[in-house]
Amino acid sequence: SCSAGNSGPGPYTAVNIAPWILTVGASTIDREFPADVVLGDGSIYGGVSVYAGEPLGDTQLPLVYAGDCGSRYCYEGRLDSSKVKGKIVICDRGGGNARMAKGTAVKLAGGGGMILANLADSGEELIADSHLIPATNVGQTAGDKIKSYLRSEPSPTATIVFRGTVIGS
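Only a predicted model underlies this, so the values are computations on that prediction, with no experimental measurement involved. (Residues numbered from 1 in each chain as written. Predicted model: local features only at pLDDT ≥ 70, side-chain atom pairs only at ≥ 80, totals over all residues. Heavy atoms only, no water.)

### Overview of the pattern of salt bridges
Should the charged atoms of two oppositely charged side chains come close, the side chains can pair.
Okay, step 1: Scanning the entire structure with this criterion turns up 5 salt bridges.
Okay, step 2: Taking the shortest distance from any N to any O, the salt bridge between arginine 72 and aspartate 92 comes out at 2.8 Å. With arginine 72 in the loop between strand 6 (61–65) and helix 1 (81–84) and aspartate 92 in strand 7 (residues 88–92), this residue pair connects regions lying 20 residues apart in the sequence.
Okay, step 3: Judged by its relative accessible area of 35%, arginine 72 is partly exposed. (Salt bridge = Lys/Arg side-chain N within 4 Å of Asp/Glu carboxyl O. Helix = DSSP H or I, 4+ residues; strand = E, 2+ residues; numbered from the N terminus. Buried < 20%, exposed > 50% of the residue type's maximum accessible area, 1.4 Å probe, protein only.)

### Points about the environment of glycine 164
Okay, step 1: Turning to its location among the elements, glycine 164 is positioned in the loop between strand 10 (157–162) and strand 11 (166–167).
Okay, step 2: On the basis of relative accessible area, glycine 164 is assigned to the partly exposed category, the value being 40%.

### What about the state of the cysteines?
Okay, step 1: Per the stated rule, a full pass over the model turns up 1 disulfide.
Okay, step 2: Cysteine 69 takes part in no disulfide bond, and the closest cysteine sulfur to it belongs to cysteine 74, at a distance of 8.3 Å. (Disulfide = S-S within 2.5 Å.)

### What to know about the side chain of lysine 102
Okay, step 1: Relative to the helices and strands, lysine 102 is located in helix 2 (residues 99–108).
Okay, step 2: Here lysine 102 is buried and forms no salt bridge, its nearest opposite-charge partner aspartate 92 lying at an N-O distance of 8.3 Å.
Okay, step 3: Apart from residues lying up to four places away in sequence, lysine 102 is in contact with Tyr73, Cys74, Cys91, Asp92, Arg93, Gly94, Asn97, Met114 and Leu116. (Lys, Arg positive; Asp, Glu negative; His and termini not counted. Contact = heavy atoms within 4.5 Å.)

### Description of the sheet that holds strand 5 (residues 44–45)
Okay, step 1: Reading across from one edge, 5-4-10-6-7-8-9 is the order of the 7 strands in this open sheet, with mixed pairing throughout. Whereas interior strands pair on both sides, the edge strands pair on one side only; in this sheet they are strand 5 and strand 9 (135–138).
Okay, step 2: Across the face of the sheet, helix 2 comes into contact with strand 7 and strand 8 (113–117) while running at roughly 145 degrees to strand 8.
Okay, step 3: Sheet strands touched by helix 3 (residues 140–152): strand 4 (35–39), strand 5, strand 6, strand 7, strand 8, strand 9 and strand 10. Its angle to strand 6, the strand with the most contacts, is close to 110 degrees. (Pairing = 2+ DSSP bridges. Axes fitted to C-alpha atoms, helices over the stretch in contact; angles between N-to-C directions.)

### A look at the environment of alanine 26
Okay, step 1: Mapping alanine 26 onto the fold places it in the loop between strand 2 (23–24) and strand 3 (31–32).
Okay, step 2: Residues alanine 26 and threonine 141, 115 residues apart in the sequence, show an inter-C-alpha distance of 32 Å.

### So, the pairing of strand 10
Okay, step 1: Across 5 bridges, the pairing between strand 4 and strand 10 is antiparallel. Paired with alanine 35 across the two strands is phenylalanine 162, which belongs to strand 10.
Okay, step 2: Of the strand pairs in this sheet, strand 6 and strand 10 are connected by 2 bridges, and their pairing is antiparallel. By the bridge assignment for strand 10, proline 62 is matched with threonine 157.

### Some remarks on the nonpolar core
Okay, step 1: Residues Val37, Leu39, Leu63, Ile88, Ile90, Ile115 and Ile146 are the most contacted members of the largest nonpolar core, which totals 19 residues.
Okay, step 2: Of all the secondary structure elements, the ones that give two or more residues to this core are strand 4, strand 6, strand 7, strand 8, helix 3 and strand 10.
Okay, step 3: If we ignore the near neighbours within four places in the chain, the residues touching leucine 39 are Tyr45, Gln60, Leu63, Ile146, Tyr149, Thr157 and Ala158.
Okay, step 4: Within the second largest apolar cluster, 15 residues are counted, among which are Ala66, Val89, Cys91 and Ala109. (Core = buried A, V, L, I, M, F, W, Y, C linked by side-chain atoms within 4.5 Å.)

### Some points on the pairing of strand 6
Okay, step 1: Burial analysis of strand 6 places 4 of its 5 residues in the buried class, which makes it a mostly covered element.
Okay, step 2: For strand 6 and strand 7, the ladder comprises 3 bridges, and the chain directions are parallel. Along strand 7, the bridge assignment pairs leucine 63 with isoleucine 88.

Take a look at the structure:
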């Protein structure tokens, strides 16, 4: 076997002319797993998720910040279920627990969904995780705007719209 090299990115640029050699090369596919946050005021913020369970659809659920419910990082056993039950919970990314563990904590507390909001250390990096509840990961900018909406509305609501796998632009 031999390496295909580092040429590219056009078609047929990773080649080897020897017919008896296996040519090996890395590739990528232009795909995303969009899962958008739609707020009660109609604002839409892009996120990503590979959640495959029952979608929320157009159902707007009450929105709460995990920091107001016992644990901004959504540690298991620290969320007040009386404040979380049936609601979409905004959890801050970081804090030492895994991203998917945050969704588990929200589910165990009775939450209906989760928005995982990046902080400055993660910035706009988005990672599509497989969650147990309807959940999405949004960048810091979107997370800050969603939290601002939460603080400015007397009865904030949101839903998460999953758009499946999108290939290409």
